[in-house]
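What follows is each chain in one-letter form.
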Amino acid sequence: MVAENPRETRHEEIDAIVEAKAGGVSPVRDEADKYTVVGAADRSTFADWLTPIEEHFVCHRNDIPDADEAAWTVSLTGQLEGSLSPSAVREEYPTVAVAHTMECAGNGRGQHEPETGSVQWGFDAAATAVWTGAPVRAILRDFGVDDAEGRWLTAVGGDRSDGDDVFARSIPLEKALEDAVLAYGMNGEALPREHGYPLRLIVPGWYGVNNVKWVEELRVADGMVVDGALDRPGDHAVWQQESYRIHPAGAEPEECETVPATDTWEQLEGAVDHPYTFDANVMSVIGAPDGRSAVAPDPDGQVEIRGVAWAGDDAVERVELSTDGGGTWGDAELFGPDYAGAWRLFRYDWVAEPGTHALLSRATDAEGRRQPARISEPDAWRDALEDDAFPWNEGGYAANAYEPNGLTVEVVAPEE
Ligand SMILES: Nc1nc2c(c(=O)[nH]1)N[C@H]1C(S)=C(S)[C@@H](COP(=O)(O)O)O[C@H]1N2
Ligand SMILES: [Mo]
């Protein structure tokens, strides 16, 4: 495919990130060759709870700002007044660590048929890191905000677009006060440039796009960002009101200042016409075996299947495993760390006969919502949900169907 406006800086950035991450990730380009993205290189990322920085996917639109911590400031605007330096964030507020499963809202986009454009992710744009920073609650309280009162927090990134749009995202103030963090550390290390140095917002359990990198403005207002809301040039609401909304082909979502429900699934079920991608939908991925080489069962004839399951800021209730392509299912065991907003590990002891087997996992969240089997045809929209399908949508967002994430495994005779 020939790109119209390939940006050479993209390639240099991708190459540098891939090199720095030493094989843990591989590049995924979009058709316009405009976006820097890299995703997990293989399934092994989904066999462990903590994702090393080297295996954590990277997704953003514009060139990474050449940030200097000493010169960086965060403007506080709207109903806030003042500014913050990275050293003030570090020194004047408590330090907390939060576990967060970051999933790009476009994860699974490449599973849509027909294709939906942009980056064709499989299941590779998900990862769990422990982020260190100051609770947004502590900062906002210091600036006089105690109550959510239906208000919204907008974070603006310091990355400059090659057009005139501003990377701004809004979340309900209630969520921001509950557990959001203005982060400066990742897995115990200084925040890497490509992950948002010097400061990024972390919104536990919410899709990647809400986790604004290179934060240079925080704004409290009565509504979410709409065009013209910010005191700066450019288009302010592209990433909140146009992109990252779930809608059928040809629909043009209206700008909203507020919505009756923020849970993404609840919006999809009908609460909002063209849902916003806020908290992540229930998902699971098998990490081992990885399907790349044949597996030999242990002397008891067993193979351990292991993976991760998440459900945004809801809890994972159950993970089921099928080793016969969905004909029969058994319950996997959930184990390991259990933090709101982060994935759970699951394991399943499989008595594996030699031969070829189709493995599938499907998770159910605490609200009783189970991953649908497949992505629907383009014309089904919400009706798809009743048919065990995820609605095909034009941006390819929030897909959580389990069949496309399955794998085929070759089992050989047990080890003696
Ligand atoms: N400023 C800014 N923040 C951003 C983005 C961006 O383009 N600009 N991309 C978002 C998207 S779409 C995702 S999926 C996550 C990815 O975070 P990561 O690169 O640390 O994995 O960052 C989000 N934050
Ligand atoms: Mo994303």
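Quick caveat: nothing in here was measured; it's all calculated off a predicted structure.

Undergrad: What's the story with the packing of aromatic side chains in this structure? I'm lost.
TA: The relation between two aromatic rings is expressed through the spacing of the ring centres and the mutual angle of the planes. For the structure on display, the rule yields 13 aromatic pairs. Relative to Trp343, the ring of Phe46 lies with its centre 5.9 Å away and its plane at 65 degrees, an arrangement referred to as edge-to-face. Residue Phe46 is located in the loop between strand 2 (36-40) and strand 3 (58-60), and its partner Trp343 is located in the loop between strand 18 (333-335) and strand 19 (344-351); the two are separated by 297 residues in the primary sequence. Accessibility classification places Phe46 together with Trp343 in one group, the buried group. Ring centres of Trp329 and Tyr402 lie 5.3 Å apart, and the angle between their planes is 85 degrees; on these two criteria the pair is classed as edge-to-face. Here Tyr402 lies in the loop between strand 22 (389-390) and strand 23 (407-411) and Trp329 lies in the loop between strand 16 (316-322) and strand 17 (330-331), a separation of 73 residues in the sequence. For Tyr402, a relative accessible area of 7% puts it in the buried group. Three or more aromatic residues joined by ring pairs make a cluster, and in this case those are Phe46, Phe123, Trp310 and Trp343. The side chain of Arg245 reaches across the aromatic face of Tyr276, ending 4.0 Å from its centre.

Undergrad: It is not clear to me how the site of ligand 1 should be interpreted in this structure. Could you clarify?
TA: Residues in close proximity to ligand 1 total 20 residues, the closest being Phe57, Asp159, His195, Arg200 and Lys213. Here Arg61 contributes a backbone N or O atom positioned 3.0 Å from an oxygen atom of ligand 1. Here the element with the most residues in the shell around ligand 1 is strand 3; it accounts for three residues. Looking at the shell around ligand 1 residue by residue, the class counts come to ten nonpolar, six polar and four charged.

Undergrad: Whenever I open this one, the pattern of salt bridges confuses me. Can you help?
TA: As a working rule, side chains carrying opposite charge can pair if their charged atoms are close by. One pass over the structure, following the stated rule, counts 23 salt bridges. The closest approach of N and O atoms between Lys175 and Asp179, which form a salt bridge, is 3.0 Å. One end of the pair, Lys175, and the other, Asp179, are both in helix 4 (residues 173-179), four residues apart, so they sit about a helical turn from each other. You can call Lys175 buried: its relative accessible area is 5%. Judged by relative accessible area, which is 19%, Asp179 ranks as buried. Residue Arg318 is joined to Asp331 by a salt bridge in which the shortest nitrogen-to-oxygen separation is 2.7 Å. Residue Arg318 is located in strand 16, and its partner Asp331 is located in strand 17; the two are separated by 13 residues in the primary sequence. Relative accessible area serves as the criterion here: at 37%, Arg318 is assigned to the partly exposed category. Relative accessible area serves as the criterion here: at 48%, Asp331 is assigned to the partly exposed category. In this structure, a network of salt bridges that share partners links the residues Asp48, Glu304, Arg306, Glu333, Arg347 and Asp349.

Each value, and the rule that gives it
- Residues numbered from 1 in each chain as written.
- Chains lettered and ligands numbered in written order.
- Predicted model: local features only at pLDDT ≥ 70, side-chain atom pairs only at ≥ 80, totals over all residues.
- Heavy atoms only, no water.
- Phe/Tyr/Trp six-rings, centres within 6.5 Å; stacked < 30°, edge-to-face > 60°.
- Helix = DSSP H or I, 4+ residues; strand = E, 2+ residues; numbered from the N terminus.
- Buried < 20%, exposed > 50% of the residue type's maximum accessible area, 1.4 Å probe, protein only.
- Lys NZ or Arg CZ within 6 Å of the ring centre and 35° of its normal.
- Near = heavy atom within 4 Å.
- Polar contact = N/O pair within 3.5 Å; in protein donor to acceptor, adjacent residues only side chain to side chain.
- Nonpolar A, V, L, I, M, F, W, Y, C, P; charged D, E, K, R; others polar.
- Salt bridge = Lys/Arg side-chain N within 4 Å of Asp/Glu carboxyl O.

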